[in-house]
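# Observations on the three-dimensional arrangement
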Amino acid sequence: EPQPLPCGRAQYRQQVLQRVLPALRAAAPDLIIISAGFDAGKRDVGNSRTFSDGLYCQGLDLEPQDFSWLTEQIVSVANMVCDGRVVSVLEGGYGHYETEAGVLGISPSSLADNCTAHVRALVGRPLAAAPQKVPSRGPS
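Criteria and thresholds
- Residues numbered from 1 in each chain as written.
- Predicted model: local features only at pLDDT ≥ 70, side-chain atom pairs only at ≥ 80, totals over all residues.
- Heavy atoms only, no water.
- Helix = DSSP H or I, 4+ residues; strand = E, 2+ residues; numbered from the N terminus.
- Expected span 1.5 Å × (residues − 1).
- Buried < 20%, exposed > 50% of the residue type's maximum accessible area, 1.4 Å probe, protein only.
- Arc of directions from axis to C-beta.
- 1 Å grid on protein atoms, 1.4 Å probe; cavity = no way out; pocket = protein on both sides within 12 Å on 5 of 7 lines; lining within 4 Å.
- Points joined across faces, edges and corners; volume = space filled by probe spheres on them.
- Nonpolar A, V, L, I, M, F, W, Y, C, P; charged D, E, K, R; others polar.
- Pairing = 2+ DSSP bridges.
- Bend = angle between axes of the 7 residues up to and from the residue.
- Salt bridge = Lys/Arg side-chain N within 4 Å of Asp/Glu carboxyl O.
- Contact = heavy atoms within 4.5 Å.
- Patch = residues over 30% accessible without salt bridge, like charges linked within 9 Å, V, L, I, M, F, W, Y side chains within 5 Å.
- Areas by Shrake-Rupley, 256 points an atom, 1.4 Å probe, with all protein chains shown as cover.

## Quick notes on helix 3 (residues 109-122)
- The first and last C-alpha atoms of helix 3 sit 20 Å apart over 14 residues, in line with the 20 Å expected at 1.5 Å per residue.
- Every buried residue of helix 3 is listed here: Ser-110, Leu-111, Asn-114, Ala-117, His-118 and Ala-121. Seen end-on, helix 3 carries its buried residues on one side only, within an arc spanning 130°.

## Description of the layout of surface pockets
- Of the volumes computed, that of the largest pocket is approximately 270 Å³.
- As for the largest pocket, its lining consists of 17 residues, and the residues nearest its centre are Tyr-12, Ile-34, Ser-35, Gly-37 and Leu-70.
- For the lining of the largest pocket, the elements supplying multiple residues, two or more each, are helix 1 (9-27), strand 1 (32-37) and helix 2 (64-81).
- Considered class by class, the residues forming the lining of the largest pocket number 12 nonpolar, four polar and one charged.

## Overview of the pairing of strand 5 (residues 96-100)
- Bridging between strand 5 and strand 6 (residues 103-107) involves five bridges; their strand directions are antiparallel. By the bridge assignment, Glu-98 is partnered in strand 6 with Gly-105.
- In this structure, the hairpin formed by strand 5 and strand 6 is closed by a connection of two residues, where Ala-101 is found at a positive phi of approximately 55°.

## Let's talk about helix 1
- If you check helix 1, its first and last C-alpha atoms are 26 Å apart, about what 19 residues at 1.5 Å a residue would give, namely 27 Å.
- Most pronounced at Val-16, the bend in helix 1 amounts to some 40°.
- The positive-phi residue at the C-terminal boundary of helix 1 is Ala-28, with phi of around 45°.

## Some thoughts on the pattern of salt bridges
- Under the defined criterion, the tally for this structure stands at four salt bridges.
- Its salt-bridge partner being Arg-13, residue Asp-66 comes within 2.8 Å of it at the nearest N-O pair. Linking Asp-66 in helix 2 with Arg-13 in helix 1, this pair joins segments that are 53 residues apart in sequence.
- A residue is classified by how much of its surface remains accessible, and Arg-13, at 25% relative accessible area, is partly exposed.
- Where Asp-83 meets Arg-85, a salt bridge forms, and the shortest distance between an N and an O atom there is 3.6 Å.

## What to know about the environment of Phe-67
- With respect to the helices, strands and loops of the structure, Phe-67 is situated in helix 2.
- For the pair Phe-67 and Gly-37, spaced 30 residues apart in sequence, the C-alpha separation works out to 9.7 Å.
- For Phe-67, the residues in contact, after removing those within four places along its chain, are Gly-37, Phe-38, Ala-40, Gly-41, Leu-62 and Asn-114.

## Side note on the side chain of Thr-71
- Looking at the secondary structure, you find Thr-71 in helix 2.
- Residue classification places Thr-71 among the buried positions, given a relative accessible area of 3%.
- Among residues more than four places away in sequence, those in contact with Thr-71 are His-118, Ala-121 and Leu-122.

## So, the pairing of strand 1
- Burial of strand 1 is one-sided: the residues Ile-32, Ile-34 and Ala-36 facing one way are buried, the residues Ile-33, Ser-35 and Gly-37 facing the other way are not.
- Of the pairings in the sheet, the one linking strand 1 to strand 4 (residues 86-92) comprises six bridges and is parallel in character. Bridging across to strand 4, Ser-35 finds its partner in Val-89.

## A few points about a nonpolar patch on the surface
- Taken together, the side chains of Leu-31, Ile-33, Val-87 and Val-89 make up a nonpolar region of the molecular surface, amounting to roughly 340 Å² of accessible area.
- Position of Ile-33 relative to the elements: it lies in strand 1.

Have a look at this one:
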C-alpha cells in the first residue's frame, strides 16, 4: 500500500524557516516579487497529488493563517534587506469543489479567504494565529 509523503502545514512552515527565508536574506534583493499561488490551500482542487509510483501526497492543506504567516515572514525580510519593497502578483489557486443545486462546480470562496489573508498581511494587518486545539484529558 502506498505510504503518504511528508506534507502538510508544519512541514511547509519548517521548510520556509529553514530554506526559503535564509536564502532570501542571503540574496538581499533590491525588490521581492511574490508570485502568490494559493493552490496549496486546504480543499483547493490543485492541492493533492498522486505520483507515478503510487505514492499519494494529501497536499499542504494550508489555512488562511498560513498564507498570512508566510507573507509576514517575507515582508519582515523585505524590511531588513530592501526597504520593504514587495510586489505581489496573483499566480493561482482555484477554489474548492462544491455542489450547488445538484451541480458540481468550483467555489472560489476558499481562494478568496486565502487571498484576503495574504493582502491583509501585506498591508500590516495579518490574521491572528489559529487557536491550537487542546487535547482532551478524558474523565478525571
